[in-house]
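Each chain, written out:
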Amino acid sequence: NMRALQNSEGLCRVFSTNEAVFKDPMTEVQRIKNELTMKCRVIAPPTHELSSEVVDEFVDPKLQHNSKERKAEEEKRGVLKDFGDGCVAREFESDYPEATANRKAEVAMYLMAMGVFCDLENGKAYRSDYEWPDLAHWQRPAKIN
């Protein structure tokens, strides 16, 4: 995601989310098509309106495996960090014991990744002045096994 956003800076871009596509596939795909043709001036497809058959072929709700059950299970877990805008990093199971260097590194990397995820969700990561985490210089234990 980072390189895609950095390398497309200044180009016409249309954004969507997995959640938006699965919530209302027809409306979201039509919105994406309209933005691509009107905002980005991409040549319009041969048919002006997309058919529900085409959208249904493209969007397969079966790919959202047990999403309601998974969300309910996630909400039972405590919050490690609240990033705002309803985006939180939840506690998770780990193979590493609490307070070990590996566990601390795992949590730090998870929180860093969730911070980027939340910034993608709320739109901050799409700004030209967004500061991406510096993974090349991130301090971590020499070995996570």
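Residues numbered from 1 in each chain as written. Predicted model: local features only at pLDDT ≥ 70, side-chain atom pairs only at ≥ 80, totals over all residues. Heavy atoms only, no water.

(A) View of the overall build of the protein. In terms of regular secondary structure, the protein is built from six helices and two strands. Secondary structure elements of the protein occur, N-terminal to C-terminal, as α-α-α-α-α-β-β-α. For the protein, whose C-alpha radius of gyration is 19 Å, the value lies well above the compact-globule estimate of 15 Å for 145 residues. For the protein, the C-alpha atoms occupy an extent of roughly 60 × 40 × 30 Å along the three principal directions. Looking at the protein as a whole, 21% of its 145 residues are labelled buried. (Helix = DSSP H or I, 4+ residues; strand = E, 2+ residues; numbered from the N terminus. Rg over C-alpha atoms; globule rule 2.2 N^0.38 Å. Buried < 20%, exposed > 50% of the residue type's maximum accessible area, 1.4 Å probe, protein only.)

(B) A look at the packing of aromatic side chains. Taken as a whole, this structure holds three aromatic pairs when the rule is applied. Ring plane angle 45 degrees and centroid distance 3.9 Å describe the contact between Phe 15 and Tyr 126, whose orientation is recorded as tilted. Linking Phe 15 in the loop between α1 (2-7) and α2 (18-23) with Tyr 126 in the segment after α6 (101-122), this pair joins segments that are 111 residues apart in sequence. Under the relative-accessibility criterion, Phe 15 is labelled partly exposed at 33%. Seen from their ring centres, Phe 92 and Tyr 110 are 4.7 Å apart, and the 65 degrees between their planes marks the pair as edge-to-face. Residue Phe 92 is located in the loop between β2 (88-90) and α6, and its partner Tyr 110 is located in helix α6; the two are separated by 18 residues in the primary sequence. Using a relative accessible area of 23% as the deciding quantity, one classes Tyr 110 as partly exposed. Positioned over the ring face of Phe 92 is Arg 103, at 4.6 Å from the centre of the ring. (Phe/Tyr/Trp six-rings, centres within 6.5 Å; stacked < 30°, edge-to-face > 60°. Lys NZ or Arg CZ within 6 Å of the ring centre and 35° of its normal.)

(C) Local environment of the nonpolar core. Residues Leu 5, Val 116, Leu 120, Ala 125, Tyr 130 and Trp 132 constitute the largest nonpolar core, which totals six residues. Among all residues touching Trp 132, those that are not within four sequence positions of it are Asn 1, Met 2, Leu 5, Gln 6, Val 116, Leu 120 and Ala 125. The next biggest cluster of nonpolar side chains, apart from the first, holds five residues, and it includes Val 21, Val 29, Leu 50 and Val 59. (Core = buried A, V, L, I, M, F, W, Y, C linked by side-chain atoms within 4.5 Å. Contact = heavy atoms within 4.5 Å.)

(D) Structural view of unusual backbone geometry. The phi dihedral of Arg 41 is positive, around 60 degrees, even though this residue is not glycine. Position of Arg 41 among the secondary structure elements: in the loop between α3 (25-38) and α4 (52-58).

(E) Region of interest: the state of the cysteines. Counted by the stated rule, this structure contains two disulfides. Covalent S-S linkage joins Cys 87 and Cys 118, the inter-sulfur distance amounting to 1.9 Å. Its torsion about the S-S bond being -75 degrees, the disulfide of Cys 87 and Cys 118 is classed as left-handed. Residue Cys 87 is found in the loop between β1 (79-82) and β2, and its partner Cys 118 is found in helix α6; the two are separated by 31 residues along the sequence. Across this residue pair, the class does not change: Cys 87 and Cys 118 are buried. When the cysteines of the protein that form disulfides are numbered from the N-terminus onward, they connect as 1-2, 3-4. (Disulfide = S-S within 2.5 Å.)

(F) View of the pairing of β1. One ladder, built from three bridges, connects β1 with β2; its direction is antiparallel. Pairing of Asp 82 across the sheet is with Val 88, part of β2. Taken together, β1 and the strand that follows it, β2, pair antiparallel across an intervening segment of five residues, in which Gly 84 is found at a positive phi of about 90 degrees. (Pairing = 2+ DSSP bridges.)

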